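Read off the chains here:
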Amino acid sequence: MLRRHTRSAKRSPRTAAQSNGSGPSILLAGLLVTATLASLDVQRPNAAEHARSGADATSTVYLPRVERDVGSWPDPALADRIWGALEAFERRHPLETLVPSVDVTPSIAAAVVNVDAACADFPDIPDVFGPGAHRSACRVWVPDAFGLYHAARALRLVQAGRPLTDTDVMRHHDWAQAYLAESVRVLQLFVFVRCDPPNPFGPNETGRCFGYRDTRAAVWQNTQRAMEVGVLADAVARTGGIHPDTAGPLDDVLVSTARAWRAAFWSAQRMPNARLDFTTRTAAESPARSLGDEDIAAAVSHTFRWDADKRNSPAEEMAWMGAGVVVAMAVAGGRIAADEKDDLVAAGRHYVDYALTFDRPDPVFGVPVRTLGAETDGGPYGQNRYWIENHQDDAPSLPYLGFTWASIGIAQLTSDRPLGAIWPTFAPRDAWSVLAASAEATLIMPDGQSLADLRPGNGVGFDVARYPLWTMPCGAHHTGALYIDVGADRPAGSPRYVSEIGHPAGLSILLAGVPLIRTALAAGDLSTAARWQRRVDAVLAEYTANPPGFNGVPCKVAPWVSTLPAYHWAYMINAYLYPWLVASGHRIGDPDGAVPTIGD
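Quick look at the packing of helix H13 (residues 429-443) against helix H15 (residues 526-545) now. One can describe the packing of H13 onto H15 by two numbers: an axis separation of 12 Å at closest approach and a directional angle of 35°. Handedness of the crossing formed by H13 with H15: left-handed. Where H13 abuts H15, its residues Trp432, Ala436, Ala439, Glu440 and Leu443 lie against Thr528, Arg531, Trp532 and Arg535. Split into classes, the residues belonging to the contact of H13 with H15 amount to five nonpolar, one polar and three charged.

See below:
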């Protein structure tokens, strides 16, 4: 049992509804015009033109009458509905049926066995990420998700009044801590390069060196790993603390990741931008050291080509980079000087602020930043301005929208403003209008119909049958296509079309929708908040009745993911947990939000 605790843990955060300064509470029913609709996502006849121009972001929509409060935040009722859908998913797919070590005493060794089971067939892509790096990345992603699942279970029990010594609380806490230890261990391989000392009795040559610090995988994705590890560590600390064997390395990898990002990206004095070749700086140009005084800046540079109009927007990367830095500082920033912490927080927030932008002036680097599509025509089916694209020319990516907003939502949980209000530079009025428009444009197709099928009983799949060039058959890779046709013989309640990695559209709507609702309320945009709450409510209703399954996973279309349900279980569970944290009003790094320390 992992029961020695050093990192302080105090009382868990309150989840009672509190105003975030966005305006008075108001019933959604009072905002809406009653209508009888066959579909929950019917748009006005001119929705296509409005989506192209972005003008639909704050316009009136016709929605069915529901009794839901959209005027206050946090929203404990929404958090409870998300948790109910999570439990329905868990009942359909018990974790113990997917991994071998569940009904045993929690330990790091048992956690490793489960991670092995989930990552057994995870591929290596050496020409893209560096030999071994992508395969090892699975060993950070999976324990983060498994661990956060257990940490959230423990946190929810404590919030309900269970003591930290409660058997169930301790068991979930110990599993979460074991997974955290494994995740930190593997993350060190991406942050540091360490060499064996020379053999004093052998040839006079340098010892073996190991680590992925200089790979594209590390330079590009370590901040995402820091975000996920930091969220898990924060949750673990609230229900019993973190073991000293993990606490020290945890702080070092989080601080080192933030410093290495500053050296590679921030010090380049430019922002990722549409149609820009971005080259990271090297250790020789911008050195950085760890808490243990090791080199952590990459010795080689990497060039990234992001094009918001064709194939890849930098939106998701900018969101996770900024979120990773601010989460790292919220969790481990006390280990460095206050001035350095403040500078890193400001830099991280700046990336979050500019993750979804359309020629927004940048007062820091002086060049307007665009991460969204500018095209309004072209492609096989037409275009919407503000589309978020990924991997495919001239096609919107709802999964990319979901992942981008998931990182933005997590970053917002680090806010140090009263009651956790969003910092003011994130979405001033002109910036918010673009944020709202990009979400709408990416979900609404050029013909005005929704990309997601929200009709009850269909599993919230992607409604792309009318866009065959965006789709591919199950098991037959079509370069650049985004959506898989899993076939007409799918299980009842399952979607016909899923994303390239096998996941249904509802998970993306959850990931994007909950932080979108929160941000819309902060901006005073009740129309957008109501629209996305309607969509989120539809997904939760469907997923409580028909939890998503793994029927798209065996298609193995995307060459960078596993076919094992245990891996996808980890991936999917975060689509519930991150929105749950946001709706609950969780505060990462909040000193008033932890639980009293247990004695050793």
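Formed by 177 residues in total, the largest nonpolar core has its most connected members in Phe190, Phe265 and Trp405. With 14 residues, helix H16 (residues 565-584) is the largest single contributor of residues to this core. Look past the residues within four positions of Phe190 in its chain and what remains in contact with it is Ala133, Ser136, Ala137, Val140, Tyr212, Arg213, Ala217, Ala218, Asn222 and Arg225. Of all hydrophobic cores here, the second largest spans seven residues; its members include Ala481, Ile484, Val498 and Cys555.

The next subject is the pattern of salt bridges. Scanning all chains against the criterion turns up 30 salt bridges. Among the ionic pairs, Arg162 bridges to Asp168, the shortest N-O distance being 3.5 Å. For Asp168, a relative accessible area of 39% puts it in the partly exposed group. What emerges from the salt-bridge pattern is a single network uniting Asp116, Arg139, Glu182 and Arg185.

To continue, consider the packing of helix H3 (residues 76-92) against helix H6 (residues 133-159). For any two helices packed against each other, one specifies the crossing angle of their axes together with the interaxial distance. Between H3 and H6, whose axes approach to 13 Å, the crossing angle comes to 130°. The angle between H3 and H6 falls in the class oblique. With respect to the hand of their crossing, H3 and H6 are arranged in left-handed fashion. In this structure, H3 contributes Asp80, Trp83, Leu86 and Glu90 to the contact, and H6 contributes Tyr149, Ala152, Arg153 and Arg156. The residue makeup of the contact of H3 with H6, split by class, is four nonpolar, no polar and four charged.

As a further point, take the environment of Val582. Mapped onto the fold, Val582 is located in helix H16. Val582 sits in the buried class, given a relative accessible area of 2%. When the C-alpha atoms of Val582 and Pro515 are compared, they prove to be 6.6 Å apart, with 67 residues separating the residues in sequence. Filtering out sequence-adjacent residues up to four positions away, Val582 remains in contact with Trp73, Gly409, Leu413, Val514 and Pro515.

The rules behind each value
- Residues numbered from 1 in each chain as written.
- Predicted model: local features only at pLDDT ≥ 70, side-chain atom pairs only at ≥ 80, totals over all residues.
- Heavy atoms only, no water.
- Axes fitted to C-alpha atoms, helices over the stretch in contact; angles between N-to-C directions.
- Helix = DSSP H or I, 4+ residues; strand = E, 2+ residues; numbered from the N terminus.
- Left-handed = near helix turned anticlockwise from the far one by under 90°.
- Contact = heavy atoms within 4.5 Å.
- Nonpolar A, V, L, I, M, F, W, Y, C, P; charged D, E, K, R; others polar.
- Core = buried A, V, L, I, M, F, W, Y, C linked by side-chain atoms within 4.5 Å.
- Buried < 20%, exposed > 50% of the residue type's maximum accessible area, 1.4 Å probe, protein only.
- Salt bridge = Lys/Arg side-chain N within 4 Å of Asp/Glu carboxyl O.
- Parallel < 35°, antiparallel > 145°, perpendicular 65-115°, else oblique.

Read these as layout, nothing more, since geometry by itself doesn't imply function.
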